[in-house]
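So you can see what is in the structure, the chains are spelled out below.
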There are 2 protein chains.
Amino acid sequence: MNDSTLYKAWLQDERKPEGDPFDTYRRLLGRIVVKGEQHARVLSTAVAELINGLQAMLGIQPEVLNELPQEGSCLVLRTAAEPVSGLAHEVPRWDTGRDAFALRWVSADGTERMELDGTSASGVLYGVFRLLFGISRGWEPVRLVTEEQPANQLRMINQWDDADGSIERGYAGASIFYREGEIVRDLQRVRDYARLLASVGINAISINNVNVHERETRWVTEEYLPEVARVAEVFRDYGIALFLSINFAAPLSLGDLDTSDPLDEGVRQWWAEAATRIYRHIPDFGGFVVKADSEHRPGPFAYGRDHADGANMLAEAMAPFGGLVIWRCFVYNCMQDWRDRSTDRARAAYDHFKPLDGRFHDNVLLQIKNGPMDFQVREPVSPLFGAMQQTNQMIEFQITQEYTGQQRHLCYLVPQWKQVLDFNTHAADAGAEVKHVVDGSLFGMKYSGVAAVSNIGDDESWTGHPLAQANLYGYGRLTWDPELSAERIAEEWADLTFGDHPEVTHPIREMLMASWSIYENYTAPLGVGWMVVPHYHYGPDVDGYEYSRWGTYHFADRDGMGVDRTIAKGTGYTSQYFSPNKEMYDSLEKCPDELLLFFHHVPYSYRLHSGKTVIQHIYDTHFAGAEAAEELMHTWAAPALRDRVDPRRHAAVANRLAEQAEHAKHWRDVVNTYFYRKSGVPDERGRTIY
Amino acid sequence: MNDSTLYKAWLQDERKPEGDPFDTYRRLLGRIVVKGEQHARVLSTAVAELINGLQAMLGIQPEVLNELPQEGSCLVLRTAAEPVSGLAHEVPRWDTGRDAFALRWVSADGTERMELDGTSASGVLYGVFRLLFGISRGWEPVRLVTEEQPANQLRMINQWDDADGSIERGYAGASIFYREGEIVRDLQRVRDYARLLASVGINAISINNVNVHERETRWVTEEYLPEVARVAEVFRDYGIALFLSINFAAPLSLGDLDTSDPLDEGVRQWWAEAATRIYRHIPDFGGFVVKADSEHRPGPFAYGRDHADGANMLAEAMAPFGGLVIWRCFVYNCMQDWRDRSTDRARAAYDHFKPLDGRFHDNVLLQIKNGPMDFQVREPVSPLFGAMQQTNQMIEFQITQEYTGQQRHLCYLVPQWKQVLDFNTHAADAGAEVKHVVDGSLFGMKYSGVAAVSNIGDDESWTGHPLAQANLYGYGRLTWDPELSAERIAEEWADLTFGDHPEVTHPIREMLMASWSIYENYTAPLGVGWMVVPHYHYGPDVDGYEYSRWGTYHFADRDGMGVDRTIAKGTGYTSQYFSPNKEMYDSLEKCPDELLLFFHHVPYSYRLHSGKTVIQHIYDTHFAGAEAAEELMHTWAAPALRDRVDPRRHAAVANRLAEQAEHAKHWRDVVNTYFYRKSGVPDERGRTIY
């Protein structure tokens with residue numbers, strides 16, 4: 001299994017043919033000179049990855065040297081000990097400069113040489129993968145020349161894996177980390193995962209679900225830390241720092257104390273000792289991820305304290321060791337009365353956290369979901385971005401497709417993330433895009449970055465849907481460089497994963513690029529969200545969340561639908577944005593079509609900027625979406641593509657696409673029928689609605 | 001725990017005071033003469049129950065004699081060996097006469113004597129419980145005089161317990177039979193359950209879920225039969241025959257054969273051997289319960305055979321031992337396309353089984369759910385009753401409150417069952433009520449009876465909601481005598497359970513009698529059914545089953561709602577009834593209000609016989625239902641009642657009623673809001689709808 005194309009994902013290493021450019025590489029890379037922190041584990045990893053990759057793809061057995069040879073071609077790897085011109089080095093742990101690298105192609109004294117300089121061993125590792133990617137894609141050496149450093153400090157993955165081996169919102173099998181309450185013995189698969197993550201620049205991972213249950217609460221105890229340390233060791237080899245999600249009530253839950261009050265001296269002492277214990281086992285431990293006072297998880301509220309009290313208490317425990325506290329802002333009233341239209345879940349994160357700006361210690365980061373609700377196919381950007389100017393912040397994306405087809409439907413999410421990162425908060429006159437909040441440049445944050453919920457499990461393809469690998473790849477690449485286009489990332493990924501055949505990669509790129517819009521079309525319209533089967537979040541149920549306690553409503557009646565979040569008549573949520581976003585969303589006329597129903601309640605006859613009425617838009621998009629889903633299936637089945645993809649991968653994708661096409665029709669018919677029965681307005685084009 | 005009033009249910013045995021009538025009993029019952037099958041285990045049970053009951057309630061220690069004493073009072077117990085005048089004896093196993101008893105109060109030679117004659121040991125046991133009930137209620141001896149035999153042969157309970165200890169549709173804790181894949185070691189609780197069942201005349205039980213999983217498939221193997229036999233032994237003591245639900249594909253699933261084709265000689269042989277094996281371990285084994293070709297359970301269809309082929313094959317295996325095959329008729333297409341309005345799940349049982357009438361062996365019984373759908377709060381009677389005139393039949397009720405509040409809401413179901421049993425099928429000119437189909441008298445069936453899905457679990461109160469005990473009690477009593485009124489059963493149960501205080505039992509009886517209508521009022525209107533959260537079946541979700549594969553739709557649009565099952569324009573389901581039921585249901589004018597939406601699609605403005613429009617009926621009943629649910633809570637809280645019920649039982653019920661009152665408001669508001677938003681028709685009385 002581990003040798004299958006499904007498993008190798010974008011790290012395919014099939015043997016390249018004779019001829020250029022591969023012969024050039026065979027000539028250039030026969031000798032590797034390694035200079036710098038030669039004993040750093042990450043550097044060993046980099047050298048090993050390089051040698052393995054070259055052996056597999058080029059069939060050469062490179063010689064490793066310590067010094068530049070007198071003559072002839074070679075590749076020189078250097079780390080920070082050998083300064084790299086123009087790039088920072090000897091930088092603090094989370095500085096982006098630490099991970100910088102330069103790849104050069106030097107022609108001197110009649111011999112060609114490649115040079116890979118990293119500001120750290122991690123930088124070298126990233127450069128090695130970049131070099132291997134280039135060879136894999138058959139690029140000429142000159143195309144590889146680059147100097148790069150990642151845009152973001154923390155480039156993080158959140159696993160929502162539970163100790164029992166299940167994964168909350170996991171759609172690709174069971175956990176690769178846990179089985180029956182224990183960390184798995186054989187960590188080979190975890191190592192292979194670390195490799196995939198490092199290859200796209202990930203440098204941090206939290207390995208357990210933010211909902212920390214009884215078992216995982218004990219990961220920070222002396223009993224389990226040796227086990228956790230085994231996992232940390234695997235990730236350390238790939239330059240990835242390990243974090244744990246912790247239970248805020250741990251001192252109480254573990255029976256050590258009778259309180260978890262963050263201002264209680266005993267509790268502070270307990271966490272200080274926990275931190276000491278953790279760092280004894282894992283000296284480069286990253287820190288804690290905390291979901292507190294959210295969806296029934298314990299937190300400081302029980303003791304009349306606030307989020308700053310809670311986060312700072314943990315931050316003080318971690319500070320002596322350079323550890324971080326990542327505090328999630330996904331806090332809202334999950335026991336809302338649906339009858340109450342004045343409460344607005346969308347407001348919650350801002351209302352909770354904005355007043356605390358400036359109160360958090362400098363090793364605390366707030367982790368804010370991209371939108372104000374919960375990873376819907378379409379929602380506006382969270383107004384917290386830009387609003388907290390004295391607080392370290394990270395953005396949280398969701399790679400696992402909870403509300404976007406659960407890896408049974410194709411939904412390439414990079415365009416969505418990019419739209420979020422490019423969103424101008426208008427918190428300042430310039431440079432106020434979300435990407436400059438989370439890269440720390442806008443407000444000069446000490447720590448910042450990007451996190452995302454992983455989409456992998458123990459499925460052979462990692463991600464269930466083989467094409468969903470593009471989301472994991474794309475997340476890493478976009479986090480490294482938010483200026484990359486979604487198309488370019490799709491193209492890179494398709495090339496690496498399926499080989500550089502335009503007959504294959506061009507249609508795949510097109511399929512990926514179209515997929516978010518296709519999924520949006522046949523699911524919930526115009527930004528209103530939800531309309532899914534409660535709890536499962538797969539499949540249509542228009543009223544599924546309408547009369548629930550979750551704060552997630554569309555308010556559709558026989559006349560119209562949508563949520564009025566305006567200042568004058570609605571919940572006032574629009575006031576949380578800076579001008580001119582505030583006015584844009586608050587105005588029925590200016591509000592973009594795709595978010596109309598998120599911000600406004602309108603009659604079905606309301607005419608969009610597109611010229612269509614809302615009801616006709618619903619019908620048209622749902623018919624179009626289902627049709628396009630079927631088209632995806634046909635594109636994939638076309639002989640030119642089919643004949644160039646190995647049969648197992650082809651069949652695996654074909655099966656998912658067939659399910660999607662069928663299920664998209666169900667979505668289409670349920671949503672259209674629901675609104676037709678309610679509105680009584682017939683489809684202008686007379687298509688079948690039930 | 002086992003000594004609590006919750007656990008004792010209706011077998012309370014608190015010490016009675018001095019004075020009459022108790023002193024009369026103390027005088028009469030000081031000596032017990034036992035004649036007849038003295039070594040029968042059931043007779044020993046009867047004597048032991050009697051002695052224990054008299055000791056507890058009267059504080060006497062009766063002397064047991066073999067012969068009538070020369071003088072003085074006594075109680076004489078006699079079984080069939082001693083003929084009972086006017087009642088049958090020496091009767092076949094399932095004849096109702098076998099369970100008959102007579103209680104007499106004889107005054108002769110200056111001494112008083114009580115006589116309890118049974119046509120079998122079971123008859124004596126039933127008489128003993130009746131005697132103890134009378135004492136418990138403080139009745140004078142003369143009120144106990146009776147001659148009775150049960151109306152129905154098979155008076156059966158179906159457990160839907162799984163080997164893992166869970167109970168499908170169980171709302172009262174875990175299984176008392178199984179834990180972690182095994183039958184429990186300590187069967188004391190099972191014995192206490194057998195006692196409760198025998199006290200109301202139950203004489204058969206199937207001990208595992210009709211959905212037979214991998215583990216329970218093995219109950220019929222040599223490995224597990226000794227375990228099953230332990231359970232059979234417990235029930236045998238109380239005159240209750242043990243049945244097993246079997247997996248039709250067992251020969252295949254257990255790996256013995258590569259087919260389960262009922263016409264395959266090897267398969268027939270396999271079941272014959274299974275039967276031999278079972279009867280070696282359990283000589284009085286009752287037989288099999290079979291769910292086949294239903295909701296993905298295996299059955300004869302896989303081999304191109306029909307239900308008669310399947311059932312008869314099993315029947316032949318059981319025949320040599322007098323065993324029965326109970327074949328469920330809950331067969332329908334559970335993969336229906338909701339877009340297809342021509343398929344009608346209500347038709348399915350009739351369409352499947354009616355053509356097979358006359359083809360089943362005489363030790364096969366068809367078990368038919370009371371209605372054509374699935375235990376909804378209101379549905380018509382299944383048209384199969386009366387339609388199959390050459391086939392043994394049983395009716396299946398559901399005591400566990402799957403769709404009727406899950407023992408969190410009060411819903412006394414005896415009135416519903418009674419309405420079903422009293423329904424005139426018009427299959428003959430006289431005596432064609434359902435009760436005469438299932439008592440076997442209408443068509444002279446060899447075997448017939450009543451089965452019901454149990455509502456008990458390992459909760460201290462057995463049933464979760466303490467007042468739900470009334471449903472288990474009432475099921476037994478009604479099955480014994482369908483002529484009993486629901487009120488009388490409620491009164492008996494309340495007296496036995498809470499003691500004979502009118503301040504307590506009168507309001508409880510009123511609460512019970514009102515409860516079905518209350519629950520119906522705030523849930524789904526006018527017989528349309530469903531509108532519940534899929535899978536869980538608790539709580540409102542009007543569209544929950546509307547776009548599903550289950551064949552369960554209301555077709556509500558902005559103009560009207562209901563299912564057209566008429567002959568001319570609808571699915572033709574009404575044609576499955578005999579005249580004049582057929583015409584009654586088929587006619588919009590004649591159809592009873594409470595089933596209107598089951599049979600007809602009408603506009604919201606349609607006026608019911610009640611004079612109200614459909615939409616106003618929905619609003620009014622939902623307001624009334626929620627108000628009445630709150631009233632239940634107040635009734636229970638009234639001091640005159642509260643002060644006479646022990647605090648634990650009072651609190652247990654009060655908690656459930658409080659939850660019901662709150663949840664009823666949620667039901668009310670969701671349903672009213674749904675229909676208001678859809679119809680646009682305001683409430684005539686201007687009450688709040690959201």
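Residues numbered from 1 in each chain as written. Chains lettered and ligands numbered in written order. Predicted model: local features only at pLDDT ≥ 70, side-chain atom pairs only at ≥ 80, totals over all residues. Heavy atoms only, no water.

**Digging into the overall build of chain A**
Inference 1: Regarding its fold elements, chain A presents 21 helices and 18 strands.
Inference 2: Dimensions of chain A along its principal axes, counting C-alpha atoms only, are 80 × 70 × 50 Å.
Inference 3: Look at the contacts in chain A between residues 6 or more apart in sequence, and 73% of them connect residues 24 or more apart.
Inference 4: With an accessible surface of roughly 23,500 Å², chain A has 48% of that area assigned to carbon and sulfur atoms.
Inference 5: For chain A, the centre of its 68 positive side-chain charges and the centre of its 98 negative side-chain charges are spaced 2 Å apart. (Helix = DSSP H or I, 4+ residues; strand = E, 2+ residues; numbered from the N terminus. Contact = heavy atoms within 4.5 Å. Areas by Shrake-Rupley, 256 points an atom, 1.4 Å probe, with all protein chains shown as cover. Lys, Arg positive; Asp, Glu negative; His and termini not counted. Charge placed at Lys NZ, Arg CZ, Asp CG, Glu CD.)

**Description of helix H21 (residues 647-679) of chain B**
Since the α-helix turns once every 3.6 residues, residues separated by three or four places project in the same direction.
Inference 1: An ideal rise of 1.5 Å per residue puts 48 Å on 33 residues; H21 of chain B measures up with 47 Å between its terminal C-alpha atoms.
Inference 2: At the C-terminal side of H21 of chain B, Gly680 of chain B shows a positive phi close to 75°. (Expected span 1.5 Å × (residues − 1).)

**Points about the interface of chain A and chain B**
Inference 1: If you look at the interface, chain A gives 23 residues, while chain B gives 23 residues.
Inference 2: Between chain A and chain B, roughly 2,300 Å² of surface is buried when both sides are summed, and carbon and sulfur atoms account for 50% of that area.
Inference 3: Among the residues of chain A in contact with chain B, Arg339, Arg558 and Arg677 of chain A are the three that bury the most area, contributing 35% of the side total.
Inference 4: Connecting chain A to chain B are 4 salt bridges.
Inference 5: With its nearest N and O atoms 2.4 Å apart, the salt bridge here joins Asp669 of chain A to Arg339 of chain B.
Inference 6: The class makeup of the residues in the side of chain A that touches chain B is 8 nonpolar, 4 polar and 11 charged. (Buried area = accessible area lost by both parts, 1.4 Å probe. Salt bridge = Lys/Arg side-chain N within 4 Å of Asp/Glu carboxyl O. Nonpolar A, V, L, I, M, F, W, Y, C, P; charged D, E, K, R; others polar.)

**Some details on the packing of aromatic side chains**
Inference 1: Under the defined criterion, the tally for this structure stands at 76 aromatic pairs over all chains.
Inference 2: For the ring pair Tyr674 of chain A and Phe675 of chain A, a centre distance of 4.9 Å and an interplane angle of 70° mean the geometry is edge-to-face.
Inference 3: For Phe675 of chain A, a relative accessible area of 0% gives the class buried.
Inference 4: A ring pair is formed by Phe498 of chain B and Trp636 of chain B, whose centres lie 6.1 Å apart and whose planes are at 75°; its orientation type is edge-to-face. With Phe498 of chain B in helix H15 (residues 486-498) and Trp636 of chain B in helix H19 (residues 614-637), this residue pair connects regions lying 138 residues apart in the sequence. As far as the burial class goes, Phe498 of chain B and Trp636 of chain B line up, both buried.
Inference 5: Every member of this aromatic cluster is reached through a ring pair, and the members are Tyr7, Phe177, Tyr178, Tyr193, Trp219, Tyr224, Phe235 and Trp462 of chain A.
Inference 6: We note Arg345 of chain A situated over the ring of Tyr332 of chain A; from NZ or CZ to the ring centre the distance is 3.7 Å. (Phe/Tyr/Trp six-rings, centres within 6.5 Å; stacked < 30°, edge-to-face > 60°. Buried < 20%, exposed > 50% of the residue type's maximum accessible area, 1.4 Å probe, protein only. Lys NZ or Arg CZ within 6 Å of the ring centre and 35° of its normal.)

**Topic: the sheet that holds strand E1 (residues 31-35) of chain A**
By way of backbone hydrogen bonds, the strands of a sheet pair with one another, either parallel or antiparallel.
Residues and elements named next belong to chain A.
Inference 1: Pairing is mixed across the open sheet formed by 6 strands, whose spatial order is E2-E1-E3-E5-E4-E6. Strand pairing shows two members of the sheet lacking a second neighbour, strand E2 (63-65) and strand E6 (146-148), which therefore form its edges. Strand after strand, the sheet turns through a mean of 20° between neighbouring axes, direction not considered.
Inference 2: The pairing of strand E4 (residues 101-108) with E6 spans 3 bridges and is antiparallel. Considered in E6, the bridge of Leu103 is made with Thr146. (Pairing = 2+ DSSP bridges. Axes fitted to C-alpha atoms, helices over the stretch in contact; angles between N-to-C directions.)

**Details of the sheet that holds strand E15 (residues 392-398) of chain A**
Residues and elements named next belong to chain A.
Inference 1: The 8 strands lie next to each other as E7-E10-E11-E12-E13-E14-E15-E16, forming a closed barrel whose pairing is parallel. Between one strand axis and the next, the sheet turns by 25° as a mean value, whatever way the strands run.
Inference 2: For strand E12 (residues 287-290) and strand E13 (residues 324-328), the ladder comprises 4 bridges, and the chain directions are parallel. By the bridge assignment for E13, Val289 is matched with Ile326.
Inference 3: Set on the sheet, helix H10 (residues 307-318) makes contact with strand E11 (241-246), E12, E13 and strand E14 (364-369); between it and E13 the angle comes to about 160°.

**Focus: the nonpolar core**
Inference 1: In terms of nonpolar packing, the biggest core is built from 225 residues, with Trp10, Tyr193, Phe235, Trp271 and Phe675 of chain A touching the most fellow members.
Inference 2: Looking at this core element by element, the count peaks at 10 residues for helix H4 (residues 121-137) of chain A.
Inference 3: In this view, Phe675 of chain A contacts Met531, Val542, Ala556, Met561, Tyr604, Ile615, Ile618, Tyr619 and Gly680 of chain A; residues no more than four positions away in its chain are not counted.
Inference 4: Core analysis: the second largest hydrophobic core is formed by 224 residues, Tyr25, Trp160, Val532 and Tyr674 of chain B among them. (Core = buried A, V, L, I, M, F, W, Y, C linked by side-chain atoms within 4.5 Å.)

**Focus: the packing of helix H14 (residues 469-480) of chain B against H15 of chain B**
Residue and element names in this part refer to chain B.
Inference 1: The N-to-C vectors of H14 and H15 enclose an angle of 125°; their axes lie 10 Å apart at closest approach. Put simply, H14 runs oblique to H15. As for the relative orientation of H14 and H15, their crossing is right-handed in sense. In this structure, H14 uses Gln469, Ala470, Tyr473, Gly474, Arg477 and Leu478 to contact H15, whose residues at the interface are Arg488, Ile489, Glu492, Trp493, Leu496 and Thr497.
Inference 2: Grouping the amino acids of the contact of H14 with H15 by side-chain chemistry returns 6 nonpolar, 3 polar and 3 charged. (Parallel < 35°, antiparallel > 145°, perpendicular 65-115°, else oblique. Left-handed = near helix turned anticlockwise from the far one by under 90°.)

**Here we look at the packing of helix H3 (residues 41-58) of chain A against helix H7 (residues 225-237) of chain A**
All names here are of chain A.
Inference 1: With their axes 8 Å apart at the nearest point, H3 and H7 run at an angle of 60° to one another. With respect to H7, the axis of H3 lies oblique. Two secondary-structure elements touch here, H3 through Arg41, Val42 and Thr45 and H7 through Glu233, Arg236 and Asp237.

**Concerning the confidence of the model for chain A**
Inference 1: Mean pLDDT over chain A: 95, with 98% of residues reaching 70 or higher.
Inference 2: In the predicted assembly, ipTM is 0.88 and pTM is 0.92. (pLDDT = per-residue confidence, 0-100.)

**Quick word on a nonpolar patch on the surface**
Residue and element names in this part refer to chain A.
Inference 1: Taken together, the side chains of Trp105, Val142 and Val145 present a nonpolar region at the surface, about 260 Å² in accessible area.
Inference 2: On the secondary structure map, Val145 appears in the loop between H4 and E6.
Inference 3: The exposure class assigned to Val145 is partly exposed, which follows from its relative accessible area of 42%. (Patch = residues over 30% accessible without salt bridge, like charges linked within 9 Å, V, L, I, M, F, W, Y side chains within 5 Å.)

**A closer look at unusual backbone geometry**
Inference 1: Following Asp20 of chain A, the chain continues into Pro21 of chain A via a peptide bond in cis, with omega recorded as 5°.
Inference 2: With respect to the element layout, Pro21 of chain A can be found in the loop between helix H1 (5-8) and helix H2 (22-28).
Inference 3: Each neighbour pair has its own omega, and for Ser579 of chain B with Pro580 of chain B the value is 0°, a cis peptide bond.
Inference 4: Relative to the helices and strands, Pro580 of chain B is located in the loop between strand E17 (560-561) and helix H17 (581-586).

**A look at the relation of the copies chain A and chain B**
Inference 1: The transform that puts chain A on chain B rotates by 180° and translates by 0.0 Å along the axis, for an RMSD of 0.0 Å. Here the symmetry operator amounts to a two-fold rotation axis. Residue Lys678 of chain A of chain A places its C-alpha closer to the rotation axis than any other residue of that unit, at 2.7 Å.
Inference 2: With an isologous cut-off of 70% or more, the 100% of interface residues of chain A that recur at the interface of chain B puts this contact in the isologous class. (Least-squares fit on C-alpha atoms with pLDDT ≥ 70 in both.)

**Overview of the UniProt feature "active site" (unreviewed entry) in chain A**
All names here are of chain A.
Inference 1: Residues given the UniProt feature "active site" (unreviewed entry) here are Glu295, Asp374 and Glu402.
Inference 2: Position of Glu295 among the secondary structure elements: in the loop between E12 and H10.
Inference 3: In this structure Glu295 comes out as partly exposed when scored by relative accessible area, which is 23%.
Inference 4: When sequence neighbours within four positions are dropped, the list of residues in contact with Glu295 reads Phe330, Tyr332, Cys334 and Trp550.
Inference 5: By the secondary structure assignment, Glu402 is in the loop between E15 and helix H12 (414-421). (UniProt positions renumbered as here; feature names shortened; annotations may be inferred.)

**Some thoughts on helix H12 (residues 414-421) of chain B**
Inference 1: When you tally the buried positions in H12 of chain B, you get 7 out of 8 residues, the bulk of the element.
Inference 2: Lining the buried residues of H12 of chain B we find strand E15 (393-398), helix H13 (434-438), H14, H15 and helix H16 (502-522) of chain B.

**Re the pattern of salt bridges**
Where charged atoms from two side chains of opposite charge approach closely, those side chains can pair.
All names here are of chain A.
Inference 1: Scanning the model with the defined rule gives 122 salt bridges over all chains in all.
Inference 2: Here Glu227 and Arg230 are joined by a salt bridge, their closest N and O atoms 2.7 Å apart. A residue pair is termed a helical-turn pair when its members lie 3 or 4 positions apart in one helix, as Glu227 and Arg230 do in helix H7 at 3 residues. With respect to burial, Glu227 and Arg230 carry one shared label: buried.
Inference 3: What you see here is one network of salt bridges that share partners, running through Arg78, Arg104, Arg113, Glu115, Asp117 and Glu147.

**As for the environment of Ile326 of chain B**
Residue and element names in this part refer to chain B.
Inference 1: With respect to the secondary-structure elements, Ile326 resides in strand E13 (residues 324-328).
Inference 2: Separated by 39 residues in the primary sequence, Ile326 and Gly287 place their C-alpha atoms 7.5 Å from one another.
Inference 3: Apart from residues lying up to four places away in sequence, Ile326 is in contact with Met156, Phe243, Phe288, Val289, Val290, Leu365, Gln367 and Met394.

**Looking at the side chain of His622 of chain B**
Inference 1: Structurally, His622 of chain B is set in helix H19.
Inference 2: With near-sequence residues (within four places) excluded, His622 of chain B lies in contact with Asn521, Tyr522, Thr523, Pro525, Trp667, Arg668, Val671 and Asn672 of chain B.

**Description of the pairing of strand E16 (residues 448-453) of chain B**
All names here are of chain B.
Inference 1: Taken across its 6 residues, E16 has 6 buried, putting it largely inside the fold.
Inference 2: Of the pairings in the sheet, the one linking strand E7 (residues 154-158) to E16 comprises 5 bridges and is parallel in character. The residue of E16 that forms the bridge with Leu154 is Gly449.
Inference 3: Both E15 and E16 contribute to a ladder of 6 bridges, which runs parallel. Its bridge partner lying in E16, Met394 is registered against Gly449.

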